[in-house]
Every structure is written in C-alpha cells, then in structure tokens.
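# Topology and contacts: notes
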Amino acid sequence: MGTLTIGVFSSLIGSMNLDFAVKLSEAAADKGHNVNLWLSGNATILAQKGQKEFLDYSYLIEKIKSLQEKGVQVGACEACSEGRGIHAGDVIEDITFIGMDWYVAKAAKSDRVLHIGVE
Amino acid sequence: MKLGVFYSELRGNHDVLFRLKAEKLGIFLVSNGIYHAIIKEKGEPSPVLQKQGADYYVLSEDLQTRGFSTDEVDSNVKVVTYSDIADHIMNDYDKLAWL
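Residues numbered from 1 in each chain as written. Chains lettered and ligands numbered in written order. Predicted model: local features only at pLDDT ≥ 70, side-chain atom pairs only at ≥ 80, totals over all residues. Heavy atoms only, no water.

### Comments concerning the overall build of chain B
Heads up, the condition is: Secondary structure elements are defined from DSSP: runs of H or I of at least 4 residues count as helices, runs of E of at least 2 residues count as strands, and each element is numbered from the N terminus. Atoms considered for the radius of gyration are the C-alpha atoms alone. The globule rule reads 2.2 Å times the number of residues to the power 0.38. Contacts are assigned to residue pairs with any non-hydrogen atoms lying within 4.5 Å of each other. Surface exposure here means Shrake-Rupley accessible area, sampled with a 1.4 Å probe, where a residue is shielded only by the protein chains that are shown.
A count of helical and extended segments in chain B gives three helices and seven strands. Listed by position from the N terminus, the elements making up chain B come as β-α-β-β-β-β-α-β-α-β. Since a compact globule built from 99 residues should have a radius of gyration of about 13 Å, the 13 Å found for chain B is in line with a globular shape. Referenced to the eigenvectors of the C-alpha coordinate spread, the extents of chain B come out at roughly 35 × 30 × 20 Å. Restricting to contacts in chain B with at least 6 residues of sequence separation, those with at least 24 account for 59%. Roughly 4900 Å² of accessible area belongs to chain B as shown, and the carbon and sulfur atoms make up 46% of that amount.

Below is the structure:
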C-alpha cells in the first residue's frame, strides 16, 4: 500500500473538482492506502461547520467525516480560511487547521501527489 | 517518467497536453473532460484523443451524471471507476498532473 496526498484549491460550490478529490480520497482509502487531503483557497469552505444541505449543491460534510473515520487526514489552510472569515473555532472537528507546510511535508513523504488547482 | 494526467474541462488547453512528454502517459477524462470521450467534431473524434501513445480512461460516474452510457464512449477510451483510478495512480503512474 502507498500514500497519496491530494491538494485541492477549488471551491465547494460551482466546481466539481472538490467532489472529485473527496471521492478519489475515499476510493484510495478503501484500497488501504494512506490518504492526506489538503484544502486551500476556496476549498477551505468545506472545512466549515454548519453547512446546510440543498438539492443541487455539493454537500460533502458527511463524506468528510466518513473519510476521517477511514483514517484520511484532512488539513485546511489557516491563512486561506482566516482570509475567508473561517476561524479555528468554525472548523469541523479533527480537521487540522494549519499552515501550508503541513501539505508540503505530507507531499514530500507521499508516493503520489495530485495537486488540483483553481479553475 | 510515468505520467497520469487528469483532464477536467471541455474547453481546456489542449496545447499543454500535446507538449507533454513521458515514457508512459495516461490521460484520465473526468468532470467535463468526459465530453472528449463522446463528442465528434465534423465527424472526427475530439483532438484530445489524438495524443500519440497515450492510454485514455474516462470516469464512469461523470459519464452517467451527464446522461451518457458507456457504449457511447470512443473505442480508444477505457471506462473506469474511482476505484480503478486509485489503482492506476498508485500502481501505473508515479507523477500526476491536473489540467
């Protein structure tokens, strides 16, 4: 088994890239791989507590919790979050609220790295 | 280098794709990139499918989300699931890119 690190910068609403990153993380975790998921830029919105489910919006909070239960480590960029008014207390439990060095360190030790930029 | 490229847009930058060089190249059509596995322009397959020596894959879930069935997919493109993609990227391609 190996380690996959995915960094995603796309937004939760209006983009499919974050859905893709979460689903690929789950598929890799189900295969027994170690997975790190880094949320940066608009993707940090996914780390925010209290999101509400709407019919045609991506609603990934439950998926994130199930990923964490499967051992996926999720990190959210502190600067990008704070820049969007998301503070440490607003972040879903067990999501690491930290600087980008977390992502760089994880990527450096990974077998595979997939960086999904902004559209 | 064994490179796996994720192509996620319909009107993306083909130029970058055609400049890529790799010992082994896999192109994964995901999100709106799946249209390249389906569409014909003037009766011809999408230019994205014309990268010499590349292996092409298309994500089945993104096909179905957009109302396509697997038998509409170009014969040079292999239909895969997320699980298959996890296997391919962990076993067959050591570098990954997102276009």
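Continuing now.
### Section: the interface of chain B and chain A
Rules: Summed over both partners, the accessible surface that disappears when two parts come together, traced with a 1.4 Å probe, is what is meant by buried area. The salt bridge criterion pairs a side-chain nitrogen of Lys or Arg with a carboxyl oxygen of Asp or Glu, the two atoms within 4 Å.
Across the contact, 22 residues belong to chain B and 21 residues belong to chain A. Taken together, both faces of the contact between chain B and chain A bury some 1700 Å²; the carbon and sulfur share is 68%. Among the residues of chain B in contact with chain A, Tyr82, Met90 and Trp98 of chain B are the three that bury the most area, contributing 43% of the side total. Across the contact surface, chain B and chain A share two salt bridges.

### Comments concerning the confidence of the model for chain B
Formally: Per residue, pLDDT measures the predictor's confidence, with a range of 0 to 100.
Per-residue pLDDT for chain B has a mean of 94; in total, 100% of the residues score no lower than 70. We note a pTM of 0.94 for the whole complex and an ipTM of 0.93 for its interfaces.

### With respect to the sheet that holds strand S2 (residues 34-39) of chain A
Residues and elements named next belong to chain A. Counted only if it meets this: The criterion for strand pairing is that DSSP finds at least two bridges linking the strands in question. To define axes, lines are fitted to C-alpha atoms, for helices over the stretch in contact only, and angles between the resulting N-to-C directions are given on a 0 to 180 degree scale.
Taken together, the five strands give an open sheet; going across it, the order is S4-S3-S2-S1-S5, and neighbouring strands pair in parallel fashion. Looking along the sheet, the strands with just one partner apiece sit at the ends: strand S4 (96-98) and strand S5 (112-116). Each strand of the sheet is rotated relative to its neighbour by a mean of 20°, with strand direction disregarded. Sheet topology places strand S3 (residues 73-77) next to S4; three bridges connect them, and they run parallel. Bridging across to S4, alanine 76 finds its partner in phenylalanine 97.

### With respect to helix H2 (residues 61-69) of chain A
Residue pairs spaced three or four apart in an α-helix point in one direction, given the helix's 3.6 residues per turn. Residues and elements named next belong to chain A. For clarity, the threshold we go by: Residue burial is assigned from relative accessible area. The probe radius is 1.4 Å, only protein chains are included, and a residue is buried under 20% of its type maximum, exposed over 50%, and partly exposed in between. Arc, as used here, means the arc of the directions from the helix axis to the C-beta atoms.
Listing the buried residues of H2 in full gives Ile61, Ile64, Leu67 and Gln68. Down the axis of H2, the smallest arc covering the buried residues is 120°, so these residues share one side. Structurally, H2 contributes buried residues whose contacts are with helix H1 (17-30), S2 and S3. Glycine 71 sits one or two positions beyond H2 and adopts a positive phi of about 95°.

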